[in-house]
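One letter stands for each residue in the lines below.
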Amino acid sequence: MDKQTLESTARAIVASGKGILAADESSPTIKKRFSSIGVESTQATRRAYRDLLFTTPGVEAFISGVILFDETMRQATDTDVRFPQYLIQRGIIPGIKVDKGAKPLAGFEDEKITEGLDGLRRRLSEYREMGARFAKWRAVIPMGHEIPTTFGLKANAHALARYAALCQEAGLVPIVEPEVLMDGDHDIKGCRDVTAAALNQVYDALFDHCVYLEGTLLKPNMVLPGKNYPVRAAPEEIAEATVTCFRQVVPAAVPGIVFLSGGQSSVEASANLNAINAMGKQPWELSFSFGRALQANALEAWRGDDDRREAAQRVFYHRARLNSAARIGAYNASMEEEIDSVPPSQNDF
Ligand code: 13P
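Conventions we followed
- Residues numbered from 1 in each chain as written.
- Predicted model: local features only at pLDDT ≥ 70, side-chain atom pairs only at ≥ 80, totals over all residues.
- Heavy atoms only, no water.
- Buried < 20%, exposed > 50% of the residue type's maximum accessible area, 1.4 Å probe, protein only.
- Helix = DSSP H or I, 4+ residues; strand = E, 2+ residues; numbered from the N terminus.
- Pairing = 2+ DSSP bridges.
- Near = heavy atom within 4 Å.
- Polar contact = N/O pair within 3.5 Å; in protein donor to acceptor, adjacent residues only side chain to side chain.
- Areas by Shrake-Rupley, 256 points an atom, 1.4 Å probe, with all protein chains shown as cover.
- 1 Å grid on protein atoms, 1.4 Å probe; cavity = no way out; pocket = protein on both sides within 12 Å on 5 of 7 lines; lining within 4 Å.
- Sits in = over half its atoms within 2 Å of the grid points.
- Nonpolar A, V, L, I, M, F, W, Y, C, P; charged D, E, K, R; others polar.

K.L.:
Give me the lowdown on the pairing of strand β3 (residues 93–97), citing residues and values where you can.
P.N.:
Of all five residues making up β3, five are buried, and the element is well covered by its neighbours. Here β3 shows a buried face lined by I93, G95 and K97 and a second buried face lined by P94 and I96. Two elements, strand β2 (residues 63–68) and β3, share four bridges in a ladder whose sense is parallel. From the neighbouring strand, V66 faces β3, where its bridge partner is P94.

Next comes the structure, spelled out in structure tokens:
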């Protein structure tokens, strides 16, 4: 394991003003996203959509890394450059989702365990050969009556730690993602308690597996009330709960925390990330690794129509720029209207 390279890759991913585009939707998930805009999910439409996002001119100013799905890793741009190589040319680091999805945890009703450890060593070395420099593994933690159990948290932490150790052996920065779901009617304190308990288990397991924390990134949920809780929380309240929770349980050796959006709207996710960064300097960089919150508006603008490709790129560029501002606490709601200040036009590649 080359610790220095792992650490410098992790730090490059959380460089100031930059964050990650999570474009690693599995085939069933992208099918769901496409059906919401009336587009059939085929290899060709999936490739065309990812091409639209990745070739957006100027987006490398805000996006340091992209998480790909296995299929996309093997596909190419309109100009026939493999996506990972294309991203590298643009100064964007390619990453890869390596888990095989969350399945029911036997014996523990309504809890899940993420699969994909068998054969992972071989897959990681193939992905590295193909250009990936970081990976992602998502554990899913549902909120409900008497769940998650301590065992459910431990089982997922163990799998995350096995994955992280294998990644570092293969020269890939592991993004460790324990996602406490927003579904439910719990209050913000409920989310905070479970997030803290999950992260405690994760860092215990990473320690036991001798994972080099400086060469990792954490991808957590923000601390929020459940989707069905009757009162929404203000960004300042979310920021306070999130930062306080993370200061208690995330070691300072971790270079960065890259939040998932988890079902927040694009505007909510930017406003909350902004409030988190506005709280001042913390031991780690506080950035984004958004899927839906970066893509929803662009997807809607595109609707599978080639003629709307540039309009969709403008929307994507705009969203990335706003999250870049939120990354340094410089976002405000009036920027939502500045859509025309973006450059998409011909790009150089
Ligand atoms: P969302 O931002 O849409 O939650 O997706 C991020 C992600 O990669 C979840 O694994």
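K.L.:
Summarise unusual backbone geometry; cite the residues concerned and give the values.
P.N.:
That bond from I147 to P148 is cis: its omega, 5 degrees, falls within 30 degrees of zero. Secondary-structure assignment places P148 in the loop between β6 (134–141) and α7 (150–170). Positive phi, close to 50 degrees, is recorded for R303, a residue that is not glycine. Residue position: R303 is located in the loop between α11 (292–302) and α12 (309–327).

K.L.:
Describe the site of the ligand, listing the residues and the values that go with them.
P.N.:
Taken together, the neighbourhood of the ligand is formed by 13 residues, with K136, K219, S261, G262 and R292 sitting nearest. Take K136: an N or O atom from its side chain is 2.5 Å from an oxygen atom of the ligand. Taken by itself the ligand offers 310 Å² of open surface, and the protein chains cover 92% of this. In a pocket analysis with a 2 Å cut-off to the grid points, the ligand is assigned to the largest pocket. Here the shell around the ligand is built from residues that sort into three nonpolar, four polar and six charged.

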